[in-house]
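The lines below spell out each chain.
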Amino acid sequence: MSRTLVIGDIHGGLKAVIQVLQKAAIKADDTLIFLGDYVDGWSDSPGVLDFLIALSEQQKCIFIKGNHDELLLDWLENRHENIKEELWFKHGGKATVDAYLNISTETKQKHITFLKSLRNYYLDAENRLFIHAGFTNMNGVSQEFFPKLMYWDRTLWEVALCLDETMDKNSPLYPKRLKIYSEIFIGHTPVSKTEIVPPLCKNSVWNLDTGAAFLGVLTIMDCTSKVFWQSDELRELYPNEIGRN
Ligand SMILES: [Mn+2]
């Protein structure tokens, strides 16, 4: 039977993506939904993009946009002069800039095309929402007034985390944002930056960012059965690097 699998924030960790797809024994009829933040952190950001582009030619892949993916697109297109002063440079961008030193113009153009094709969110037939960070509009993503929040927001996860799980859904105090979709799958805000943890579900919001950019691992999960597989620690896969630590 074909599956739908969701993958958390990769952050340049190509070896980890290859590993989790193998562990999950991906088949050609599986649908893969990537939650964004493909780049910045470990040294393989261009390699991750090449890998994802090639993979999408073999099977159905849905690529969501992360904030780091937009930051890279901006850099690739606009070539900032004082890049070292930017916050992006300090938050994983330096490894990306270094990695692009040896990448051809043709490949960069391919990556620009890919980064421009990323979608802000994906809603499936079962009313499950896949989005990098969150949204703020109480009527859902189609009404979001500030689209960038779909890959920058942290309030959706904060609300899901702090909400008492015993609260009655019919209570007037129950957050409207958590009643629109059957489930929401996000990345962006690591469940942990310091240890290996499973993906975390709070009030039907699944957070798949298990800290691959930091001291954690990369996670892939079957959206229906909730069975998941994780990579080795990224600091072991890239022993001579620091990632975003
Ligand atoms: Mn992010």
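Details of the structure are given in the entry above.
The following paragraphs examine the structure supplied in this document. Keep in mind it's a predicted model, so treat the numbers as computed, not measured. (Residues numbered from 1 in each chain as written. Predicted model: local features only at pLDDT ≥ 70, side-chain atom pairs only at ≥ 80, totals over all residues.)

**Comments concerning the overall build of the protein chain**
Okay, step 1: The secondary structure content of the protein chain amounts to seven helices and 10 strands.
Okay, step 2: On C-alpha atoms alone, the protein chain measures out to a radius of gyration of 18 Å, which is about the 18 Å that the 2.2 N^0.38 rule sets for 245 residues.
Okay, step 3: Residue pairs in contact within the protein chain that sit at least 24 positions apart in sequence constitute 66% of those at least 6 positions apart. (Helix = DSSP H or I, 4+ residues; strand = E, 2+ residues; numbered from the N terminus. Rg over C-alpha atoms; globule rule 2.2 N^0.38 Å. Contact = placed C-beta atoms within 7 Å.)

**A short note on the pairing of strand 1 (residues 4–7)**
Okay, step 1: Pairing geometry for strand 1 and strand 2 (residues 31–34), over four bridges, is parallel. Within the sheet, the bridge partner assigned to threonine 4 lies in strand 2 and is threonine 31.
Okay, step 2: In the classification by handedness, the crossover that spans strand 1, the intervening helix 1 (residues 14–23) and the parallel strand 2 is right-handed. (Pairing = 2+ DSSP bridges. Right-handed = clockwise from strand over helix to strand, strands pointing away.)

**Things to note about helix 4 (residues 87–99)**
Okay, step 1: The first and last C-alpha atoms of helix 4 sit 18 Å apart over 13 residues, in line with the 18 Å expected at 1.5 Å per residue.
Okay, step 2: Residue glycine 93 marks the point of greatest curvature in helix 4, where the axis turns by about 85°.
Okay, step 3: Residues of helix 4 that are buried: Trp88, Gly92, Gly93, Ala95 and Thr96.
Okay, step 4: Contacts from the buried residues of helix 4 go to helix 2 (45–55) and helix 3 (67–78). (Expected span 1.5 Å × (residues − 1). Bend = angle between axes of the 7 residues up to and from the residue. Buried ≥ 20, exposed ≤ 12 C-beta atoms within 10 Å, placed from the backbone.)

**What to know about the pairing of strand 5 (residues 128–131)**
Okay, step 1: Alternating residues of strand 5 divide into Arg128 and Phe130 and Leu129 and Ile131, and every residue in both groups is buried.
Okay, step 2: Sheet analysis places strand 4 (residues 121–123) next to strand 5, joined by three bridges and oriented antiparallel. Counterpart to tyrosine 122 in the pairing with strand 5 is phenylalanine 130.
Okay, step 3: Counted along the chain from strand 4 to the antiparallel partner strand 5, the turn is four residues long, and its residue asparagine 127 has a positive phi close to 60°.

**Examining the packing of helix 3 against helix 5 (residues 105–117)**
Okay, step 1: Following both chains from N to C, one finds helix 3 and helix 5 inclined at 140°, their axes separated by 10 Å at the closest point. Between helix 3 and helix 5, the angle falls in the class oblique. Handedness of the crossing formed by helix 3 with helix 5: left-handed. Taking contact as the criterion, the partners of Asp69, Leu72, Leu73, Leu76 and Glu77 in helix 3 are, on helix 5, Lys108, His111, Ile112, Leu115 and Lys116.
Okay, step 2: Split by residue class, the contact of helix 3 with helix 5 holds five nonpolar, one polar and four charged. (Axes fitted to C-alpha atoms, helices over the stretch in contact; angles between N-to-C directions. Parallel < 35°, antiparallel > 145°, perpendicular 65-115°, else oblique. Left-handed = near helix turned anticlockwise from the far one by under 90°. Nonpolar A, V, L, I, M, F, W, Y, C, P; charged D, E, K, R; others polar.)

**Here we look at the nonpolar core**
Okay, step 1: In terms of nonpolar packing, the biggest core is built from 55 residues, with Val6, Leu35, Phe130 and Ile131 touching the most fellow members.
Okay, step 2: Of the residues forming this core, the biggest block, four residues, is contributed by helix 1.
Okay, step 3: Among all residues touching phenylalanine 130, those that are not within four sequence positions of it are Val6, Ile33, Leu35, Ile64, Tyr121, Tyr122 and Phe185. (Core = buried A, V, L, I, M, F, W, Y, C linked by C-beta atoms within 7 Å.)

**Here's the deal with the sheet that holds strand 10 (residues 228–230)**
Okay, step 1: Judged by pairing direction, the sheet is mixed, and its five strands sit side by side in the order 3-2-1-9-10 without closing on themselves. Of all strands in the sheet, those bounded by a partner on one side alone are strand 3 (61–63) and strand 10. Between one strand axis and the next, the sheet turns through 20° on average, direction left out of account.
Okay, step 2: As defined by bridge partners, strand 2 adjoins strand 3 across three bridges and the pair is classed as parallel. What sits directly across from leucine 32, in strand 3, is cysteine 61.
Okay, step 3: Helix 1 rests against strand 1, strand 9 (219–222) and strand 10 of the sheet, and its axis sits at about 145° to strand 10.

**A few points about unusual backbone geometry**
Okay, step 1: A positive phi angle, near 60°, is found at aspartate 37, a position not held by glycine.
Okay, step 2: Structurally, aspartate 37 is set in the loop between strand 2 and helix 2.
Okay, step 3: The phi dihedral of serine 204 is positive, around 70°, even though this residue is not glycine.
Okay, step 4: You can see serine 204 is positioned in the loop between strand 7 (200–202) and strand 8 (205–207).

**Thoughts on the environment of glycine 187**
Okay, step 1: Mapped onto the elements of the fold, glycine 187 is located in the loop between strand 6 (183–186) and strand 7.
Okay, step 2: Along the sequence, glycine 187 and methionine 221 sit 34 residues apart, while their C-alpha atoms lie 12 Å from each other.

**Description of helix 2**
Okay, step 1: The set of residues buried in helix 2 consists of Ser45, Pro46, Val48 and Leu49. In a view along the axis of helix 2, the buried residues occupy a sector of 160°, so they form one face of it.
Okay, step 2: In this fold, the buried residues of helix 2 make contact with helix 1, helix 4 and helix 5. (Arc of directions from axis to C-beta.)

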